[in-house]
Amino acid sequence: MKRVIGLILFGLGIFLLILAPMFRFYVGPKAAVAPLDQYTESTGVGTVIKQLDIAKFGAGEIVYKAENFPMKQTRYTRGDVNASEQDPAKSDNLAVYDTFQRVNNTDNNELVNASSSRYAFGRTNSELNNCCGANASGKQVQFSGIMPLKWPFFLKQQAYDIWDDTTQGTIPAQFVAEEDHAGVKSYKFQQNLAPTAVPGSDTKLGDKTLQQYSTAAITTWVEPETGQIVDSSQTTKVTLRDTAEPTKDVATALELSAHGDPSFIEKSAKDINSKASQLSLVMNTLPIVCLIAGIVLALIGFLLGRSKDDQNSGGASAPAQGPPATV
């Protein structure tokens, strides 16, 4: 009976030993993909420091509509499942997301600005791809770097080039620290953009040609296992410069400071922690448990499964023969 039980335990142990790397190297990576049917509504709050009155500026006056007024930032993001399931997105394991963002004056709900984008990106590494109608505010651009709304799974403590729609290029995100943010174990990254010309923003004003320049300081907290953004804070500034004097600001078109809405961050943090725990269970906990349990069961099964003859062969001596029979 012991031999039968031993063989069963030994087989179960070997099965668990096979299962351990499967969790780690097959099941886990299969789970580490951005969903195709994503839908989120995220909110941020902050202050519009300056907003230029474009009509009066066109008439030659530098007048600001208002200064230091509260704002609300709302972003809607939806996955285009149909596009994601067609070639070339499907063959390259890409997800396609459409996103729309608006900023409103909280006092009177007046629209401050709005933008839209369509991103095609790797479902695991979040690298942007120039397919599937990808665009920034309706314009075809040459995308590169990392999708700004969803960072790669399994982040490393290193710099990442994050795409910026405004300047149509990437802004390096430098790793700063590992810290708890809103109850989530996060990697903190910092981006700093020096004044950079905004492509296609030239505007004629009398005998002058003005171009927009963007400056930004962005801090982002990202959960490293899932690559989900926990929170971000940013100060951005768009100024106008005469193309004849490209190092001198003529006026500030828009300057604002924003961060995540605390109520949204609190709700989002619970979801991020849940997804991170599930992924860690598959990638880390289950492989270790299967490995240890497999070794223990295989060893116990081996010891129980040895035959009785094997156990006695080393120490038992042959029985003595009696004297020969006499006639």
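Residues numbered from 1 in each chain as written. Predicted model: local features only at pLDDT ≥ 70, side-chain atom pairs only at ≥ 80, totals over all residues. Heavy atoms only, no water.

(A) Focus on the overall build of the protein chain. A count of helical and extended segments in the protein chain gives five helices and 13 strands. Against the globule reference of 20 Å for 327 residues, the protein chain gives a C-alpha radius of gyration of 31 Å, more extended than a compact globule. In terms of overall dimensions, the protein chain has a C-alpha envelope of 140 × 40 × 35 Å along the principal axes. Going through the 327 residues of the protein chain one by one, you find that 37% of them count as buried. Counted over contacts in the protein chain with a minimum sequence separation of 6, partners at least 24 positions apart contribute 58%. (Helix = DSSP H or I, 4+ residues; strand = E, 2+ residues; numbered from the N terminus. Rg over C-alpha atoms; globule rule 2.2 N^0.38 Å. Buried < 20%, exposed > 50% of the residue type's maximum accessible area, 1.4 Å probe, protein only. Contact = heavy atoms within 4.5 Å.)

(B) Up close: helix 1 (residues 2-31). For helix 1, with 30 residues, the first-to-last C-alpha span of 40 Å sits near the 44 Å given by 1.5 Å per residue. At F23, helix 1 is bent by approximately 45°, the largest bend along its length. Taken together, the buried residues of helix 1 touch helix 4 (262-305). (Expected span 1.5 Å × (residues − 1). Bend = angle between axes of the 7 residues up to and from the residue.)

(C) Here's a closer look at the environment of G6. Relative to the elements of secondary structure, G6 occurs in helix 1. Given the relative accessible area of 0%, G6 is considered buried. Sequence separation of G6 and R306 is 300 residues, and the distance between their C-alpha atoms is 7.9 Å. Among residues more than four places away in sequence, those in contact with G6 are G301, L304 and G305.

(D) A look at unusual backbone geometry. For the bond from D87 to P88, the omega torsion is 5°, close enough to zero to count as cis. One can find P88 in the loop between helix 3 (81-84) and strand 3 (94-105). Here the phi dihedral of N68 falls at roughly 55°; this positive angle occurs in a residue that is not glycine. Tracing the backbone shows N68 in strand 2 (residues 64-79). Residue classification places N68 among the exposed positions, given a relative accessible area of 53%.

(E) Layout of the state of the cysteines. Across all of its chains, the model carries one disulfide by this definition. The disulfide bridge from C131 ends at C132, spanning 2.4 Å between sulfur atoms. Note on the C131 and C132 pair: the S-S dihedral is about -60°, so by sign convention the disulfide is left-handed. Looking at C131, the relative accessible area reads 12%, which means it is buried. (Disulfide = S-S within 2.5 Å.)

(F) Local environment of the packing of helix 1 against helix 4. Interhelical geometry of helix 1 versus helix 4 gives an angle of 160° and a closest axis separation of 7 Å. The orientation of helix 1 with respect to helix 4, classified from their angle, is roughly antiparallel. Here the hand of the crossing between helix 1 and helix 4 comes out left-handed. Its residues assigned to classes, the contact of helix 1 with helix 4 shows 27 nonpolar, seven polar and three charged. (Axes fitted to C-alpha atoms, helices over the stretch in contact; angles between N-to-C directions. Parallel < 35°, antiparallel > 145°, perpendicular 65-115°, else oblique. Left-handed = near helix turned anticlockwise from the far one by under 90°. Nonpolar A, V, L, I, M, F, W, Y, C, P; charged D, E, K, R; others polar.)

(G) Spotlight on the pattern of salt bridges. Tallied over the entire structure, the rule returns six salt bridges. Note that R118 and D80 form a salt bridge whose closest N and O atoms lie 3.0 Å from each other. You can see R118 sitting in strand 4 (residues 111-122) and its partner D80 sitting in the loop between strand 2 and helix 3, a full 38 residues away along the chain. Taking the shortest distance from any N to any O, the salt bridge between D98 and R118 comes out at 2.9 Å. On the criterion of sequence distance, the pair formed by D98 in strand 3 and R118 in strand 4 is long-range, its members being 20 residues apart. Sharing partners across several salt bridges, the network here consists of D80, D98 and R118. (Salt bridge = Lys/Arg side-chain N within 4 Å of Asp/Glu carboxyl O.)

(H) Main features of the packing of aromatic side chains. Tallied over the full model, the rule gives nine aromatic pairs. Where F175 meets F189, the ring centres are 5.8 Å apart and the plane angle is 75°; that geometry is what we call edge-to-face. With F175 in strand 8 (residues 169-181) and F189 in strand 9 (residues 184-197), this pair connects stretches of sequence that are 14 residues apart. Look at F175 and you get partly exposed, because its relative accessible area is 23%. Against the face of F153 rests K150, its NZ or CZ located 4.0 Å from the ring centre. Between R241 and the ring centre of Y213, over which it is positioned, the NZ or CZ distance is 4.6 Å. (Phe/Tyr/Trp six-rings, centres within 6.5 Å; stacked < 30°, edge-to-face > 60°. Lys NZ or Arg CZ within 6 Å of the ring centre and 35° of its normal.)

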